[in-house]
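Observations on the three-dimensional arrangement
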Amino acid sequence: MSKMTNKLTQLKIEDRDLHTKTHELRDMGLIPGTMYGPNVENTPVRASELDLKKAISKTGEVYEVKSKKRTIFVKFEEIQRDPVSKELVHFSLVELPKGETNEVEVPIIAMGEPAGRKKGGVLVLMHDNITLSGTPKDMPAKVEIDVSGLDIAENLTVADMKLPKKVEAMMDMEEVIAICRPPAKEEATEEESTDEMMLES
């Protein structure tokens, strides 16, 4: 009922010359940042504002940074914005070691139209994201769930989600992810019937 998408977003960054002032970088359309981690020294970096915005807008929390020697998996530790203009002013990246398990929040994307919608049902996504545990290499960028088979009052749980073999969901397997709820009028009628039964008793 679901599938995962493993293609990670590439984040283009370059080493930053500390002699160049931050306002000069921003005038050139570049955003200053830092990158660090267990296998990465604290490194001043920079990124194109346009590239940075594109990367942030993509689904997933794990990104690929390619250097001359290797590919590094990272996630944003912090993204700073101007309090007034909301424009990007600084970012920091933390390395996710390849062979080590990390907990990462991944978006859930509903695919298809529930069968119950023809009867007036309404699809409700109970969770927009799910926390997964696994290595960066195995971590999906997002998890797509097929909701087309849902009739009214039917749901999908964490157990229905298809994940890579080495990736584990950090939620109860019976937790409801998506449900096709009955029409509002039908819900109201059910509530009225329950109220009447309570009064009669």
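Coordinates for the structure precede this section.
A brief structural summary. Given the structure is predicted, the values throughout are model-derived calculations rather than measurements. (Residues numbered from 1 in each chain as written. Predicted model: local features only at pLDDT ≥ 70, side-chain atom pairs only at ≥ 80, totals over all residues. Heavy atoms only, no water.)

Topic: the sheet that holds strand E15 (residues 176-181)
Hydrogen bonds between backbone atoms are what pair the strands of a sheet, whose relative direction is either parallel or antiparallel. Pairing within the open sheet is antiparallel, and its 3 strands lie in the order E10-E15-E13. Pairing within the sheet leaves two strands with one partner each, and these edge strands are strand E10 (122-125) and strand E13 (155-157). Adjacent strand axes in the sheet meet at a mean angle of 10°, parallel and antiparallel pairs treated alike. Judged from the 3 bridges that link them, E13 and E15 form a sheet pairing that is antiparallel. Residue leucine 156 lies in a different strand from E15, and its bridge partner there is alanine 178. (Pairing = 2+ DSSP bridges. Helix = DSSP H or I, 4+ residues; strand = E, 2+ residues; numbered from the N terminus. Axes fitted to C-alpha atoms, helices over the stretch in contact; angles between N-to-C directions.)

Let's talk about the pattern of salt bridges
Counted under the stated rule, the structure contains 6 salt bridges. Note that glutamate 14 is salt-bridged to arginine 46, the shortest N-O span being 3.0 Å. Note that glutamate 14 is positioned in strand E3 (residues 14-15) and arginine 46 in strand E5 (residues 40-48), a separation of 32 residues in sequence. For arginine 46, a relative accessible area of 25% puts it in the partly exposed group. Where glutamate 87 meets lysine 53, a salt bridge forms, and the shortest distance between an N and an O atom there is 3.2 Å. In this pair, glutamate 87 is assigned in the loop between strand E7 (71-81) and strand E8 (88-95) and lysine 53 in helix H2 (residues 49-57), connecting sequence segments 34 residues apart. For glutamate 87, a relative accessible area of 34% gives the class partly exposed. (Salt bridge = Lys/Arg side-chain N within 4 Å of Asp/Glu carboxyl O. Buried < 20%, exposed > 50% of the residue type's maximum accessible area, 1.4 Å probe, protein only.)

Let's talk about the nonpolar core
In terms of nonpolar packing, the biggest core is built from 24 residues, with Val62, Ile130, Leu132, Met139, Ile145 and Met161 touching the most fellow members. Counting only elements with at least two residues in this core, the list comes to strand E9 (102-111), strand E11 (129-134), strand E12 (142-146) and E15. Here leucine 132 is in contact with Asn102, Glu103, Val104, Val106, Met139, Pro140, Val143, Leu163, Val167, Glu168, Ala169 and Met170, once residues within four sequence places are set aside. Leu52, Ala55, Ile72 and Phe76 belong to the second largest nonpolar core, which has 17 residues in total. (Core = buried A, V, L, I, M, F, W, Y, C linked by side-chain atoms within 4.5 Å. Contact = heavy atoms within 4.5 Å.)

Quick look at the pairing of E7
Bridge count between strand E6 (residues 63-66) and E7: 4 bridges; the pairing is antiparallel. Across the sheet, valine 65 pairs through a bridge with isoleucine 72, a residue of E7. Relative to E8, E7 runs antiparallel, the two being bridged by 7 bridges. When the sheet's bridge partners are listed, valine 74 is paired in E8 with glutamate 95. Here E7 hands over to E8 after 6 residues, with lysine 86 in that stretch at a positive phi of 65°.

Describing unusual backbone geometry
Most peptide bonds are trans, and most residues other than glycine sit at a negative phi. Even without a glycine there, the phi angle at lysine 86 is positive, about 65°. Examined against the element boundaries, lysine 86 turns out to sit in the loop between E7 and E8.

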